[in-house]
Amino acid sequence: MAVKMYLGKADEAVDIIFDKGTFVENKISNRTLDPDLAPPVFIGEAMLDGKICTVMGNNSKRPSPHFRIVYNGIVGMEEAYKFSQGVYATIDEDEKKPKEEKRPIILLIDAPGNSPGKVEEIVGMTKATASYQFAIEDARSAGHPVIGMIIGRAVSGAFLCHGLLSDRILSLPKEYGTIVHVMPTTSISVITKIPLERLNELVKTNPVFASGAEFVYKLGTINEMVEKPEDIRKALLRNISEVRELRMQGKEDQLGIWHRGVLGAERGGRTKRMEAINKMQKEFNEMLPSLLE
Amino acid sequence: MRINWNELQEKSFYQATARERANGIVDDGTFKEFLGPRDKMVSPHLIILGEAVEYDDGMTAGVGKIGKHPVFVISQEGKFVGGALGEVNGAKMSYTLKLAIDCYDAMKEKYGKVPDDRKPIVVVSYDSGGVRLHEANAGLVAHSECMECMWKLQNKVPNISIIGSSLGAYGAQGFVCLSADVVLANDYGRIGLTGPDVIQQEVGKDEFDASDRALIWRTMGARSKYILGDVNFLLKDSIKEFRDKIVAMSDLPMSEISKYRHLGSEELVEENLNVVKIAGREKINDSKDLWKYYGNENVDELPELPQEEFLKVVKRRPRGL
């Protein structure tokens, strides 16, 4: 039986995840985002089980009118800045709300990369993607649960800005067309000159250069696999409430990117990292008194 | 290895190794390494792939002093697997940044308020292409860890990027370096997200001719980044030049240092977006077009002028909206 895939159709995923007909594009409470800025992304508010959320994703069907290498879901400069605007609008609109009522930000992830163009290098794709990453951190520290949901492509630089710094990352399995990697194993084979057959054999025991959500899960990068699209809604609701709970208890170390390192060690995918930081902590502890002199 | 600190000062920054840069930036004899070569913490993934390893995994990280300031230094070695970040050197980078924050917190506890002349400082010497593809999934998340630390360092610990080694700051390192407070570069410095070869391969030679050296320099090079504002100070090519600039800034109040920031607030989003809109509107296709837009007439000469001349005549993008 053919399954419905959302790769290239993140806009359609909005309808199956959020309360029917509640998504309003370019609106965050009383703030209106410029509808003419960055058509390749969609940002707005929607209800999830009657509660308001900010929803952000890439619309693969709408290319950029200004920058020629921004299409098919690619995150360009205007797109990264508009995502940032969406986050800051969310923070500003909820400024007076108590921490436990700050609305969640849901990132629907289906983006194949940052724009690899010349003008992006001249002006600074660098600053655009970093700005968005800082905005996400600002939102988390203000109390907003940020959840990334991989429904299509979570690739390299696009994943770095749109997803990786979330409190939690969930993913559909590869049967639903998800692609999670820095680059395909075929390209890694070309660059490292290691035969593809050997790489494919090696990934079975070492997920660190593998492509696919199941492997990346072992590294801790993905918190949770969601079996099928119909389960996304429930999984989001549960994760939002868990993130809120942990945040209210001040357990920030059980959220976000640093906790992914802990999960990576627990799941056996990234054990050296933990060994390295434990050793560094010990070295630092011995040095600290002299550093404070 | 015995390092003669005085000789190091006069050495070309461009030609210096990661360990020389780290030792030369801080006061003579004060640098102590985290996970130094003696710890032999190598990449397990390169071993599996049958690749050569280094005992420091291509990165020198540690703490030294400038006066009373603890200075946390991360120095990347471009000669080893393109200076790129994997699991072990990624942890070295992100955790050194984290320890700088811990040091700040400990100092605050000890002194009540962190004194300007003692505050910890972070210096990262970039020489990297970004994610190490042999262990790409681990390298990617290491960059995110670094970004979270960069975010936490804001308004607490002066965070200085120094760029002027052979590879510059490319790939994900390109945006990590611009997340600092202050960016220092010599004329060899380069900052970018997508390298020339990759642009040519992904988009085509009509978009970017990777064999055109002049095009590379005027697109990603320090002089263009200085004109457009990403590089705050353009320096001569010696370790001493970089060290002197850092020493001169070290006692400044944090609020003064934060003024150099490139990103990290709603206001800076609007300032940066404005430049993007100008580029879209003016159909910018060469950095020279943008140099001209900001008032430079002599755009063909700018890359060629001696640095002192360049600094005298160049017009820079005004900061703010």
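Please refer to the structure higher up on the page.
Residues numbered from 1 in each chain as written. Chains lettered and ligands numbered in written order. Predicted model: local features only at pLDDT ≥ 70, side-chain atom pairs only at ≥ 80, totals over all residues. Heavy atoms only, no water.

Considering the sheet that holds strand β7 (residues 233-234) of chain B
Residue and element names in this part refer to chain B. Taken together, the seven strands give an open sheet; going across it, the order is β1-β2-β3-β4-β5-β6-β7, and neighbouring strands pair in mixed fashion. The outermost strands of the open sheet, each flanked by one partner alone, are β1 (32-34) and β7. Where strand β5 (residues 159-163) and strand β6 (residues 182-185) come together, four bridges link them in parallel fashion. If you follow Ile160 over to β6, its bridge partner there is Val182. (Pairing = 2+ DSSP bridges. Helix = DSSP H or I, 4+ residues; strand = E, 2+ residues; numbered from the N terminus.)

Some points on helix α12 (residues 266-281) of chain B
Over its 16 residues, α12 of chain B runs 22 Å from end to end, which matches the ideal 22 Å to within 8%, given 1.5 Å per residue. Buried within α12 of chain B we find Leu268, Val269, Glu271, Asn272, Leu273, Val275, Val276, Ile278, Ala279 and Gly280 of chain B. On its buried face, α12 of chain B is in contact with α2 (77-93), α3 (118-123) and α4 (125-142) of chain A together with α13 (287-293) of chain B. Immediately downstream of α12 of chain B, the backbone of Lys283 of chain B shows phi near 50°, a positive value. (Expected span 1.5 Å × (residues − 1). Buried < 20%, exposed > 50% of the residue type's maximum accessible area, 1.4 Å probe, protein only. Contact = heavy atoms within 4.5 Å.)

Quick look at the interface of chain B and chain A
Of the residues lining the interface, 91 residues belong to chain B; the matching set on chain A comes to 77 residues. Each partner contributes to the roughly 7400 Å² buried at the junction of chain B and chain A, and carbon and sulfur atoms together form 68% of this total. Taken as a group, Leu133, Asn137 and Trp151 of chain B account for 10% of the area that chain B buries against chain A, more than any other trio of residues on that side. Summed over the shared surface of chain B and chain A, the result is seven salt bridges. Scanning the region where chain B abuts chain A turns up 27 residue pairs in polar contact (both at pLDDT 80 or more). (Buried area = accessible area lost by both parts, 1.4 Å probe. Salt bridge = Lys/Arg side-chain N within 4 Å of Asp/Glu carboxyl O. Polar contact = N/O pair within 3.5 Å; in protein donor to acceptor, adjacent residues only side chain to side chain.)

Topic: the environment of Val26 of chain B
Within the secondary structure, Val26 of chain B sits in the loop between α2 (18-25) and β1. If we skip the residues at most four places from it in the chain, Val26 of chain B touches Trp5, Phe31, Gly64, Lys65, Ile66, Val71, Val73 and Arg243 of chain B.

Some details on the side chain of Asn206 of chain A
With respect to the secondary-structure elements, Asn206 of chain A resides in the loop between α7 (196-202) and α8 (213-218). Here the side chain of Asn206 of chain A touches Val208 of chain A through a polar contact of 3.1 Å, landing on its backbone nitrogen. Of note is the side chain of Asn206 of chain A, whose polar atom sits 3.0 Å from the side chain of His45 of chain B. Those residues in contact with Asn206 of chain A that sit more than four places away from it in its chain are His45 and Ile48 of chain B.

Side note on unusual backbone geometry
The backbone of Ser29 of chain A sits at a positive phi, close to 50°, despite the residue not being glycine. Relative to the assigned elements, Ser29 of chain A resides in the loop between β2 (27-28) and β3 (31-32). Ser29 of chain A sits in the partly exposed class, given a relative accessible area of 22%. With phi around 45°, Leu35 of chain B is a residue other than glycine that occupies positive phi space. Mapped onto the secondary structure, Leu35 of chain B falls in the loop between β1 and α3 (44-48).

Overview of the packing of aromatic side chains
Scanning the entire structure with this criterion turns up nine aromatic pairs over all chains. Measuring from centroid to centroid gives 6.0 Å for Phe23 of chain A and Phe42 of chain A, while their planes differ by 90°, and the two rings are edge-to-face. Taken together, the residues span a long stretch of sequence, with Phe23 of chain A in the loop between α1 (10-17) and β1 (24-25) and Phe42 of chain A in strand β4 (residues 41-48) at a distance of 19 residues. The ring of Phe13 of chain B has Arg21 of chain B lying over it, and the distance from NZ or CZ to the ring centre is 5.9 Å. (Phe/Tyr/Trp six-rings, centres within 6.5 Å; stacked < 30°, edge-to-face > 60°. Lys NZ or Arg CZ within 6 Å of the ring centre and 35° of its normal.)

Digging into the environment of Ile216 of chain B
All names here are of chain B. Mapped onto the secondary structure, Ile216 falls in helix α8 (residues 213-220). Looking at Ile216, the relative accessible area reads 2%, which means it is buried. On a C-alpha basis, the gap between Ile216 and Pro196 in space is 6.9 Å, while along the polypeptide they are 20 residues apart. Each residue touching Ile216, except ones within four places of it in the same chain, is listed here: Arg190, Pro196, Phe208, Ala210 and Gly221.

Notes on the pattern of salt bridges
Once their charged atoms are close, side chains differing in charge can pair, the charge on each being opposite to the other. Counted by the stated rule, this structure contains 52 salt bridges over all chains. Of the charged contacts in the structure, one is a salt bridge between Glu12 of chain A and Lys4 of chain A, with a shortest N-O distance of 2.9 Å. Lys61 of chain A is the partner of Asp11 of chain A in a salt bridge, and the nearest nitrogen-oxygen pair spans 3.0 Å. Of this pair, Asp11 of chain A sits in helix α1 while Lys61 of chain A sits in the loop between β5 (51-58) and α2; the two residues are 50 residues apart in sequence, bridging distant segments of the chain. Among the charged side chains, a salt-bridge network with shared partners connects Glu137, Arg140, Asp167, Arg247 and Glu252 of chain A together with Glu148 and Lys152 of chain B.

Remarks on the pairing of strand β7 (residues 146-155) of chain A
Residue and element names in this part refer to chain A. Across the 10 residues of β7, 10 count as buried, placing the element largely inside the fold. Sheet topology note: the strand β6 (residues 105-111)/β7 ladder contains six bridges and is parallel. Each bridged residue has a counterpart across the sheet, and for Ile106 the counterpart in β7 is Ile147. Of the strand pairs in this sheet, β7 and strand β8 (residues 168-171) are connected by four bridges, and their pairing is parallel. Within β8, the residue paired with Ile150 across the bridge is Ser171. The parallel pair β7 and β8 is bridged by helix α5 (residues 156-161), and the resulting crossover is right-handed. As defined by bridge partners, β7 adjoins strand β9 (residues 179-181) across three bridges and the pair is classed as parallel. Bridging across to β9, Val155 finds its partner in His181. (Right-handed = clockwise from strand over helix to strand, strands pointing away.)

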